[in-house]
Amino acid sequence: MIYLPTKLMDSKSGMETPQESGVESFFNSAPPLKDQSGKPIRVVCVTSGGTTVPLEQRCVRYIDNFSSGNRGAASTEYFVKAGYAVIFVHRRGSCQPYCRYLPQDSFLDFFDIAENSTIKVCEPHGTVVKGAIRDYRKAVEEGFLLKLPFTTIFEYLQILQMVATSMRCLKSHGMFYLAAAVSDFYVPWENMAKHKIQSAEGPLDMRLNQVPKMLLVLRKEWAPAAFCISFKLETDPDILLQKADMAMRKHGMHVVVANELATYKREVSVVTSGEKTRVCSHGQDHDLEEELIDILVARHSEHIKKPSGIDVNE
Ligand code: PAZ
């Protein structure tokens, strides 16, 4: 048996605390993880799609949130292009990176039967599909894309916590890009009907609890040195920027991307303390995410250069 000097032990449990044993200082002073070329690895957790709120434990009915997952999928492609490894936390069945060009409701229109009876992709889609297959395979095989699916608010927040605490060791090289549409209200599991709610019992009277605000916990506890971007969607343009500003201060976000329901595909505002930048799409075939990710990558580089990324109380 090894006896530790008493000064290195927690007085109640007799166990060493991380500060006393040097564990904390070891990790704080360790050099950042590097890729094969010797460059520090940057990792971004992109969340995408809407969370559901189940109304029954054996769920038949649920409340859903508006989001196709297109923004998260497009942004993931541009982050990979910029050299980031992406953890893509997405709603099951939502839009996926490198598949955005594929038609969802007329999938078979993309294909034809060739003379030798094999299946071919119809032109002009062939070039796009070939490019997408190549980029997707490269991203996955070289370790730049990890996909983690969720459906419910319970799954989403547990996965986010797991990913965030795992990314803590990346310090300021980690980034969170929280584009998912996350439920504000939920039914606690223990209050939920176990089986399908019966309509014969009359009108449904149900109380929803507020989902605890997790963004500040992410910033303060789960990954305090990471660079954090959240999104704010509103339907009333008069309150959008004010709400984005408030979200930034209240949750300690470095950036809030504000968008309005009527125009969110064409225009967003990048809100930081003291600055607002509009980013617009230049036409139907142009992704505004291209410029948005450029701006965020530049901001992240500035964040990394700061002596300490931990500025939650600034
Ligand atoms: O997924 P999508 O491309 O259809 O929509 C993107 C979005 C509007 C959900 C996203 O830009 C966003 O604002 N997410 C946060 C929503 C919220 O305020 O909860």
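See the structure shown above.
Conventions and cut-offs
- Residues numbered from 1 in each chain as written.
- Predicted model: local features only at pLDDT ≥ 70, side-chain atom pairs only at ≥ 80, totals over all residues.
- Heavy atoms only, no water.
- Near = heavy atom within 4 Å.
- Polar contact = N/O pair within 3.5 Å; in protein donor to acceptor, adjacent residues only side chain to side chain.
- Areas by Shrake-Rupley, 256 points an atom, 1.4 Å probe, with all protein chains shown as cover.
- Helix = DSSP H or I, 4+ residues; strand = E, 2+ residues; numbered from the N terminus.
- Nonpolar A, V, L, I, M, F, W, Y, C, P; charged D, E, K, R; others polar.
- Core = buried A, V, L, I, M, F, W, Y, C linked by side-chain atoms within 4.5 Å.
- Buried < 20%, exposed > 50% of the residue type's maximum accessible area, 1.4 Å probe, protein only.
- Contact = heavy atoms within 4.5 Å.
- Expected span 1.5 Å × (residues − 1).

(A) Here's a closer look at the site of the ligand. Lining the immediate environment of the ligand, one finds 15 residues, of which Ser67, Ser68, Gly69, Arg71 and Asn259 sit closest. Glycine 69 places a polar main-chain atom, nitrogen or oxygen, 2.8 Å from an oxygen atom of the ligand. Between the ligand and asparagine 259, the relevant distance is 2.7 Å, taken from an oxygen atom to a side-chain nitrogen or oxygen of the residue. Burial of the ligand by the protein chains amounts to 90% of its free accessible area of 480 Å². At the level of secondary structure, the elements contributing two or more residues to the shell around the ligand comprise helix H3 (70–81) and strand S11 (227–234). The dominant element in the shell around the ligand, judged by the number of residues it contributes, is S11, at three residues. Looking at the shell around the ligand residue by residue, the class counts come to eight nonpolar, five polar and two charged.

(B) Structural detail: the nonpolar core. Among the nonpolar cores identified, the biggest contains 38 residues, and Val89, Tyr156, Leu160, Met167, Phe176 and Leu218 are the most heavily contacted of them. Of all elements in the fold, only strand S1 (43–48), strand S4 (85–91), helix H5 (153–167), strand S8 (174–178), helix H6 (215–222), helix H7 (237–251) and strand S12 (255–260) reach the threshold of two or more residues within this core. When residues of this core are assigned to their parent elements, the largest contribution, eight residues, is made by H5. Those residues in contact with valine 89 that sit more than four places away from it in its chain are Cys45, Val46, Thr47, Ser48, Leu148, Phe150, Tyr156, Ile159 and Val163. Counting residues in each nonpolar core, the second largest holds 31 residues, with Met175, Phe231, Val255 and Leu296 among its members.

(C) Looking closely at H7. Counted at 1.5 Å a residue, the expected span for H7 with its 15 residues is 21 Å, and the 21 Å between its end C-alpha atoms agrees. Among all positions of H7, only Leu240, Ala244, Asp245, Ala247, Met248 and His251 are buried. In the core, the buried residues of H7 are packed alongside H6, S11, S12, strand S13 (267–272) and strand S14 (275–280). The opening residue of H7, the one whose side-chain oxygen lies 2.9 Å from the backbone nitrogen of aspartate 238, is aspartate 236. Glycine 252 lies just past H7 and shows a positive phi near 65°.

In short, the description is geometric, and any link to function would need to be established separately.
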